[in-house]
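Each chain is listed here by its residues.
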Amino acid sequence: MEWHIPRSHPRYYSIIIRERLVKAFHEGIVVPQGLIAHGRGEAFDYILGETSHEFALEAERAAVALILLAKKPIISVNGNYASLASHEIVELSLETNAIIEVNLFYRTEDRIAKIEDLLRKAGAKNILGVNCEKTLIPGLESPRGIVCKDGIYSADVVLVAIEDGDRTQALKRIKKKVIAIDLNPFSRTAQSADITIVDEAIRATKNMVKIARELKGLDRRLLEQIVNSYDNRRILMDAFKTIRARLEEASSKGFILEAP
Ligand code: ATP
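Residues numbered from 1 in each chain as written. Predicted model: local features only at pLDDT ≥ 70, side-chain atom pairs only at ≥ 80, totals over all residues. Heavy atoms only, no water.

### Considerations on the site of the ligand
The environment of the ligand is made up of 18 residues, and the closest members are Arg 40, Gly 165, Arg 188, Thr 189 and Ala 201. A distance of 3.2 Å separates a nitrogen atom of the ligand from a polar atom in the backbone of Leu 183. In the environment of the ligand, a nitrogen atom lies 2.9 Å from a nitrogen or oxygen atom belonging to the backbone of Ala 201. Taking 620 Å² as the accessible area of the ligand by itself, protein coverage stands at 87%. (Near = heavy atom within 4 Å. Polar contact = N/O pair within 3.5 Å; in protein donor to acceptor, adjacent residues only side chain to side chain. Areas by Shrake-Rupley, 256 points an atom, 1.4 Å probe, with all protein chains shown as cover.)

Here it is in structure tokens:
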């Protein structure tokens, strides 16, 4: 059923995003578990003030530098990420020459084909999905461990978003550098990634497209400086400090601060 959402609604954007996911669910792109995972992300975004904080922007900058330096960077895309940010994902892939791989926790070939189709319609050129040669990541039972041989399996850098912790940790075990977009800094994904972007997936990817346009002309040594001076532990600490500060403010005053 189509609902008319008035633009004047104070949570217009959030409701539109939910509608987008529900539509993708009915189309067989998002699984019901994905809708629940979105709710967990929304809760953290609410606490964080629904904005890209400095710690997120810093992580996004290091992530883009790492992708630009990589030999084979892959953007791993699942149903939620594709339905939220297909255009931004494609732009990021084109700006950085990263390959897009459709890779699903609840894997069916039919869903892979639908997501691939959605991304191609958004302009994806370099994309691996149904027709790639498959192999398994050790430590994950099939079909959760299936990846493309020419994609994630042989990548040096993998960007994941809205991803489960087991899979992130399995990528780390096979020595991939992992960049994770995850609003929950407590999650195993956030805790085990090399670069953790605690930001909403659409905002984060938009920011990264902008940053890629700035950084892609830079000398490799300058990109290496950005990556080498990056400290993910500090970024996670800053994310937790921001959550604590907002909760302290709210608990002492009884109202929430506007996000910066
Ligand atoms: P883990 O397995 O890593 O410990 P988890 O059990 O929360 O964490 P999932 O539910 O599979 O893992 O992953 C979804 C994650 O993505 C959640 O941490 C959620 O906060 C986050 N998330 C959901 N929607 C978004 C979004 N739009 N942008 C960024 N992060 C999101």
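Resuming the write-up.
### Some words on helix H6 (residues 165-173)
Looking only at H6, the buried set comprises Gly 165, Arg 167, Thr 168, Ala 170 and Leu 171. Where the residues of H6 are buried, they touch strand E6 (157-161), strand E7 (177-181) and helix H7 (188-192). Backbone nitrogen of Asp 166 and a side-chain oxygen of the N-cap are separated by 3.1 Å at the start of H6; the cap is Asp 164. At the C-terminal side of H6, Lys 175 shows a positive phi close to 70°. (Buried < 20%, exposed > 50% of the residue type's maximum accessible area, 1.4 Å probe, protein only. Helix = DSSP H or I, 4+ residues; strand = E, 2+ residues; numbered from the N terminus. Contact = heavy atoms within 4.5 Å.)

### Remarks on the sheet that holds strand E1 (residues 73-77)
Across the sheet, which stays open at both edges, the six strands sit in the order E3-E2-E1-E6-E7-E8 with parallel pairing between neighbours. With one partner strand each, in any of the chains shown, strand E3 (127-128) and strand E8 (195-197) form the two edges of the open sheet. With three bridges connecting them, E7 and E8 associate as parallel partners. Bridging from a neighbouring strand, Ile 179 pairs with Ile 195 of E8. Strands E1, strand E2 (99-102), E6 and E7 of the sheet are contacted by helix H4 (residues 79-96), whose axis makes an angle of about 165° with E1. (Pairing = 2+ DSSP bridges. Axes fitted to C-alpha atoms, helices over the stretch in contact; angles between N-to-C directions.)

### Concerning the pairing of E2
Every second residue of E2 is oriented toward a common face, with Ile 99 and Glu 101 on one face and Ile 100 and Val 102 on the other, all of them buried. Sheet topology note: the E1/E2 ladder contains four bridges and is parallel. Bridging from a neighbouring strand, Ile 74 pairs with Ile 99 of E2. The parallel pair E1 and E2, bridged by H4, forms a crossover whose chirality is right-handed. A crossover connection joins E2 to the parallel E3 through helix H5 (residues 109-121); in handedness this β-α-β unit is right-handed. (Right-handed = clockwise from strand over helix to strand, strands pointing away.)

### Considerations on the pairing of E1
Among the five residues in E1, five count as buried, and that is most of the element. Neither face of E1 is open: one carries Pro 73, Ile 75 and Val 77, the other Ile 74 and Ser 76, and all of them are buried. Bridge count between E1 and E6: three bridges; the pairing is parallel. By the bridge assignment for E6, Ile 75 is matched with Leu 159.

### So, the nonpolar core
Tyr 81 and Leu 119 are the most contacted members of the largest nonpolar core, which totals 62 residues. No other element matches the eleven residues that helix H3 (residues 54-69) contributes to this core. Among the nonpolar cores identified, the runner-up in size contains 17 residues, and Ile 137, Leu 140, Val 147 and Ala 180 belong to it. (Core = buried A, V, L, I, M, F, W, Y, C linked by side-chain atoms within 4.5 Å.)

### Structural notes on the side chain of Ser 76
By secondary structure assignment, the location of Ser 76 is in strand E1. Not counting residues up to four positions away in its chain, the partners in contact with Ser 76 are Tyr 81, Glu 101, Asn 103, Ile 152, Val 158, Leu 159, Val 160 and Ala 161.

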